[in-house]
Every structure is written in C-alpha cells, then in structure tokens.
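Given next are the chains, with one letter for each unit.
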Amino acid sequence: MVSTFGFTPGQPPEWDIERFMRGDEVATALITLERNRRAFAWKCADVTAEGLGLRLGASSVTLGGLLKHLAWVEELYFQNRLAGRPCIAPFDQLNVEKEWEDWAWSTAADNTPDALRALWVETVHRSRDALAEALSRGGLEQTTHNGMSLRRLLADMIEEYARHTGHADLLREHVDGATGEGPPQAFPVP
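Position labels on residues start from 1 in each chain and follow its written sequence. pLDDT decides what is reported in this predicted model: residues at 70 or higher carry local features, side-chain atom pairs at 80 or more are listed and counted, and totals for whole chains, interfaces and linings draw on all residues regardless. Side-chain measures were taken over the full set of non-hydrogen atoms in the model, leaving aside hydrogen atoms and water.

### Let's talk about the overall build of the protein chain
The cut-off we apply is this: Counting from the N terminus, the helices are the DSSP runs of H or I reaching at least four residues and the strands are the DSSP runs of E reaching at least two. Based on C-alpha atoms, the radius of gyration is set beside the globule rule, defined as 2.2 Å times the residue count to the power 0.38. We call two residues contacting when some pair of their heavy atoms lies within 4.5 Å. Note on areas: these come from Shrake-Rupley sampling with a 1.4 Å probe, and a residue is covered only by the protein chains present in the view. Charged-residue counts in this description rest on Lys and Arg as positive and Asp and Glu as negative, His and the chain ends being excluded. Think of each charge as sitting on NZ of Lys, CZ of Arg, CG of Asp or CD of Glu.
Along its length, the protein chain carries eight helices and zero strands. Going residue by residue from the N terminus, the α and β elements of the protein chain occur as α-α-α-α-α-α-α-α. The C-alpha atoms of the protein chain give 16 Å as radius of gyration, which agrees with the globular expectation for 190 residues (16 Å, within 12%). Across its three principal axes, the protein chain shows a C-alpha extent of roughly 45 × 40 × 30 Å. Considering only contacts in the protein chain between residues 6 or more positions apart, those separated by 24 or more positions represent 76%. Surface accessibility of the protein chain: about 9800 Å² in total, with carbon and sulfur atoms responsible for 51%. Seen as two clouds, the 19 positive and the 28 negative side-chain charges of the protein chain have centres 2 Å apart.

Written out as structure tokens, the structure reads:
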C-alpha cells in the first residue's frame, strides 16, 4: 500500500512515550534513528522532480540527492558493514573511494521522485531487518566485520540523519515554504 505521501508504510520498532523517555540504550537508539528517518521522509514527501532537484547557492545537495545518498549509507552501514552482505543495485556497482563525493548528487536527476523514494524506503526496510537480526544475537557491544561496535554504527547513522534532515529542512522550505520540526501524527512511517 502506498500512502498519499509517496512512501510505503513499514514496520518500525514499536515504541511509546514511556519507552522513549525511560527506555534502555537499545530502545533509545532505535527510537531516535526511527524518529530521524520519519522526519527525513516527511521533508521529501510529495515533492516533484523539480523540487527534488532544487539547490541552494553553490551547493550540489538536493533532496533527490539526499534520498540517494542516505539509501547508499543505509546499504553500506547495515548490509555491508553490519551483516556482511553485498549492497543492492545500484550501490553494488559503486566504488566508495571514487564515487562517494559526487555520485548521489550527480545522478539523482536521472530518477523519478517515486523511484528515489522507493529506493530509500527499500534500503530502510533492509536495514531494519539486518539490525533486528543482529540484535537477536546480542547487544550494542557486538562488532561489525570491520570492528566497529553496533553502538557506534547506530550513533553514526543517527548523526547522518540529523545532519541531512537539517539540509532537507532548508531545501524543503525553499521548494514550497513548508517548515516544521516533525511530521504530523498521521504521517506514515516509511
């Protein structure tokens, strides 16, 4: 089922205000990451191709590029680093050292808004599955294939979303004047 916002609702970790306010370290990290993902989704919802390609000043950052960039980050962190699995297309053909700086920004315009949002949503769902699998084996102390703790991986992902949701905030305001700190209660979880 696709929402009117252009995202397919998923199955994020269940939480309530009590778990958010007094939860353990795992619950707090998961809820914070999900809140950031949902805010980012809201900033990119219902934006046309023209809006997804809008830039501010000399920056190459666009909403479309952010969708593609964060999809790649989801794949790198949760599939490649955490689960030790290959990334899905188109990320499986990319070279991080050569294409990291420009690829998402220079190729986003080649995709439709629906394709960009669908790619991001697919990677988020894959990430949730990989994270649930890892947490079924242990806590945040476990390490990835390159020695990073799961705690650090989650902290990096939260930081990545916080930074880029700030970019998305400015871009969305420039697209259509929409502002706000968080999505409305009825906004679907991607």
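### As for the confidence of the model for the protein chain
This is how it is decided: Predictor confidence is given residue by residue as pLDDT, running from a minimum of 0 to a maximum of 100.
Averaged over all residues, the pLDDT of the protein chain equals 89, while 92% of them reach at least 70. Low pLDDT, under 50, characterises residues 1-9; the predicted model gives this stretch 31 contacts beyond four residues in sequence or across chains.

### Observations regarding the side chain of Thr107
Rules: Exposure classes here rest on a 1.4 Å probe applied to the protein chains alone. A residue is buried below 20% of its type maximum, exposed above 50%, and partly exposed in between. A 3.5 Å cut-off defines polar contacts: any pair of N or O atoms within that distance qualifies, except that in protein one atom must be a possible hydrogen donor and the other a possible acceptor, and neighbouring residues in sequence count only when both atoms are side-chain atoms.
Relative to the assigned elements, Thr107 resides in helix α6 (residues 103-107). Owing to a relative accessible area of 15%, Thr107 belongs among the buried residues under this scheme. Among the polar contacts listed, one links the side chain of Thr107 to the backbone oxygen of Trp103, at a separation of 2.8 Å.

### A look at unusual backbone geometry
In this structure, the amide linkage connecting Ala89 to the following residue, Pro90, adopts the cis form with an omega of 5 degrees. Within the secondary structure layout, Pro90 lies in the loop between α4 (63-83) and α5 (96-99). Positive phi, close to 55 degrees, is recorded for Asp46, a residue that is not glycine. Residue position: Asp46 is located in the loop between α2 (25-44) and α3 (49-52). What makes Asp46 partly exposed here is its relative accessible area of 44%.

### Points about the packing of α2 against helix α8 (residues 150-176)
Between two packed helices, what matters for the description is the angle formed by their axes and the separation of those axes. Note the threshold: The angle between two axes is taken between their N-to-C directions and runs from 0 to 180 degrees, where each axis is a line fitted to C-alpha atoms and a helix contributes only its stretch in contact. Each angle gets one of four labels, with under 35 degrees taken as roughly parallel, over 145 as roughly antiparallel, 65 to 115 as roughly perpendicular, and the rest as oblique. Helix crossings fall into two classes, left-handed where the near helix is turned counterclockwise from the far one by less than a right angle and right-handed where it is turned clockwise. Residues are grouped as follows: nonpolar covers Ala, Val, Leu, Ile, Met, Phe, Trp, Tyr, Cys and Pro; charged covers Asp, Glu, Lys and Arg; every other residue, Gly included, is treated as polar.
For the pair α2 and α8, interaxial distance at closest approach is 9 Å and the crossing angle is 25 degrees. With respect to α8, the element α2 is oriented roughly parallel. By crossing handedness, the relation of α2 to α8 is classed as left-handed. For the pair α2 and α8, contact is made by Glu25, Ala29, Thr32, Leu33, Asn36, Arg37, Ala39, Phe40, Trp42, Lys43 and Cys44 and by Arg151, Leu154, Met157, Ile158, Tyr161, Ala162, His164, Thr165, Ala168, Asp169 and Arg172, respectively. When the residues that make up the contact of α2 with α8 are grouped by side-chain class, the tally is twelve nonpolar, four polar and six charged.

### Observations concerning α8
Test applied: Working rule for helices: expected span equals 1.5 Å times residues minus one.
Taking 1.5 Å of rise per residue, the 27 residues of α8 would be expected to cover 39 Å, and the 38 Å separating its terminal C-alpha atoms lies within 8% of that figure. Remark: Gly177 follows α8 within two positions and exhibits a positive phi of approximately 85 degrees.

### A word on the packing of aromatic side chains
Filter applied, for reference: Only Phe, Tyr and Trp rings are paired, with Trp represented by its six-membered ring, and only when their centres lie within 6.5 Å; those with planes under 30 degrees apart are stacked, over 60 edge-to-face, the remainder tilted. Any Lys NZ or Arg CZ that is within 6 Å of a ring centre and within 35 degrees of that ring's normal is treated as a charge sitting over the ring.
Within this structure, the stated rule accounts for seven aromatic pairs. Geometrically, the ring pair formed by Phe40 and Tyr161 is edge-to-face, given 6.0 Å between the ring centres and 75 degrees between the ring planes. With Phe40 in helix α2 and Tyr161 in helix α8, the pair connects residues that are 121 residues apart, well separated along the chain. An aromatic cluster is built from Trp72, Phe91, Trp100 and Trp103, whose rings are joined through pairwise contacts. The ring of Tyr77 carries Arg81 above its face, with NZ or CZ at 4.3 Å from the centroid.

### Points about the pattern of salt bridges
Our working definition: Each reported salt bridge corresponds to a side-chain nitrogen of Lys or Arg within 4 Å of a carboxyl oxygen of Asp or Glu.
Taken as a whole and judged by the stated rule, the model has 14 salt bridges. The salt bridge partner of Asp156 is Arg152, with a shortest N-O separation of 2.8 Å. Of the two residues, Asp156 and Arg152 both sit in helix α8, four residues apart, roughly one turn of that helix. The buried category is assigned to Asp156, whose relative accessible area is 12%. As a salt-bridge pair, Arg163 and Glu160 come within 2.7 Å of each other at their nearest N and O atoms. Of this pair, Arg163 and Glu160 are both found in helix α8, three residues apart, which corresponds to roughly one turn of the helix. By relative accessible area, which is 38% here, Arg163 ends up partly exposed. Within this structure, Glu34, Arg37, Glu74 and Arg128 form a network of salt bridges that share partners.

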